[in-house]
Amino acid sequence: MSELERAAEFATAQNSNPPTTVEWSVEVLVNLGDFNNIKIGKRLGDYVRQGETHDQASKRVFDSVWDDVLEKAREAKAGKR
């Protein structure tokens, strides 16, 4: 059971609303040349933290996913594993 599922289950057990979540999935296709490609992707979900708006949480999660995917794409293009 994921942390998000546990939090939702706990909130339900406490007769309160489950936490609002945001989730992003990003995939890029990197052309490595000579008809070689690699698809790199990442998916991440998190809850909206206290004092944070849904848009702020969405941006925070997206930025994390995007940065990680771009880093891996650069590594693939440079020939690193």
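Everything numeric here is computed off the predicted structure, so don't read it as measured data. (Residues numbered from 1 in each chain as written. Predicted model: local features only at pLDDT ≥ 70, side-chain atom pairs only at ≥ 80, totals over all residues. Heavy atoms only, no water.)

The number of helices and strands found in the protein chain is two helices and two strands. Along the protein chain, helices and strands appear, N-terminal first, in the series α-β-β-α. For the protein chain, the residues scored as buried account for 20% of the 81 residues in total. Long-range contacts, defined here as pairs at least 24 residues apart, represent 47% of the contacts in the protein chain between residues at least 6 apart. Of the accessible surface of the protein chain, which amounts to about 6,400 Å², a share of 48% is contributed by carbon and sulfur atoms. (Helix = DSSP H or I, 4+ residues; strand = E, 2+ residues; numbered from the N terminus. Buried < 20%, exposed > 50% of the residue type's maximum accessible area, 1.4 Å probe, protein only. Contact = heavy atoms within 4.5 Å. Areas by Shrake-Rupley, 256 points an atom, 1.4 Å probe, with all protein chains shown as cover.)

Before going further, it helps to spend a moment on the pairing of strand β1 (residues 21–33). The pairing of β1 with strand β2 (residues 36–47) spans twelve bridges and is antiparallel. Across the sheet, the residue bridging to Glu 23 is Gly 45, located in β2. Linkage of β1 to β2, two consecutive antiparallel strands, is achieved through a turn of two residues, within which Asp 34 is found at a positive phi near 50°. (Pairing = 2+ DSSP bridges.)

Now for the pattern of salt bridges. Here the structure, examined in full by the defined rule, presents eight salt bridges. One salt bridge in this structure joins Lys 42 and Asp 68, with 2.2 Å as the shortest N-O distance. Linking Lys 42 in strand β2 with Asp 68 in helix α2 (residues 54–78), this pair joins segments that are 26 residues apart in sequence. Exposure remark for Lys 42: the relative accessible area of 29% places this residue in the partly exposed category. (Salt bridge = Lys/Arg side-chain N within 4 Å of Asp/Glu carboxyl O.)

A word on the side chain of Ser 58. Here Ser 58 lies in helix α2. With residues up to four places along the chain from it excluded, the contact list for Ser 58 reads Val 22 and Trp 24.

Turning to the packing of aromatic side chains, a few remarks are in order. For the structure on display, the rule yields two aromatic pairs. Taken together, a centroid distance of 6.0 Å and an interplanar angle of 10° make the contact between Phe 62 and Trp 66 stacked. Residue Phe 62 and its partner Trp 66 are located together in helix α2, separated by four residues, close to a single helical turn. Using a relative accessible area of 33% as the deciding quantity, one classes Trp 66 as partly exposed. (Phe/Tyr/Trp six-rings, centres within 6.5 Å; stacked < 30°, edge-to-face > 60°.)

To continue, consider the nonpolar core. Within the largest apolar cluster, twelve residues are counted, these being Val 22, Val 26, Val 28, Val 30, Ile 40, Val 48, Ala 57, Val 61, Val 65, Val 69, Ala 73 and Ala 76. Breaking this core down by element, the ones donating at least two residues are β1 and α2. In contact with Val 61, other than residues within four places in its own chain, are Val 22, Trp 24, Leu 44 and Asp 46. (Core = buried A, V, L, I, M, F, W, Y, C linked by side-chain atoms within 4.5 Å.)

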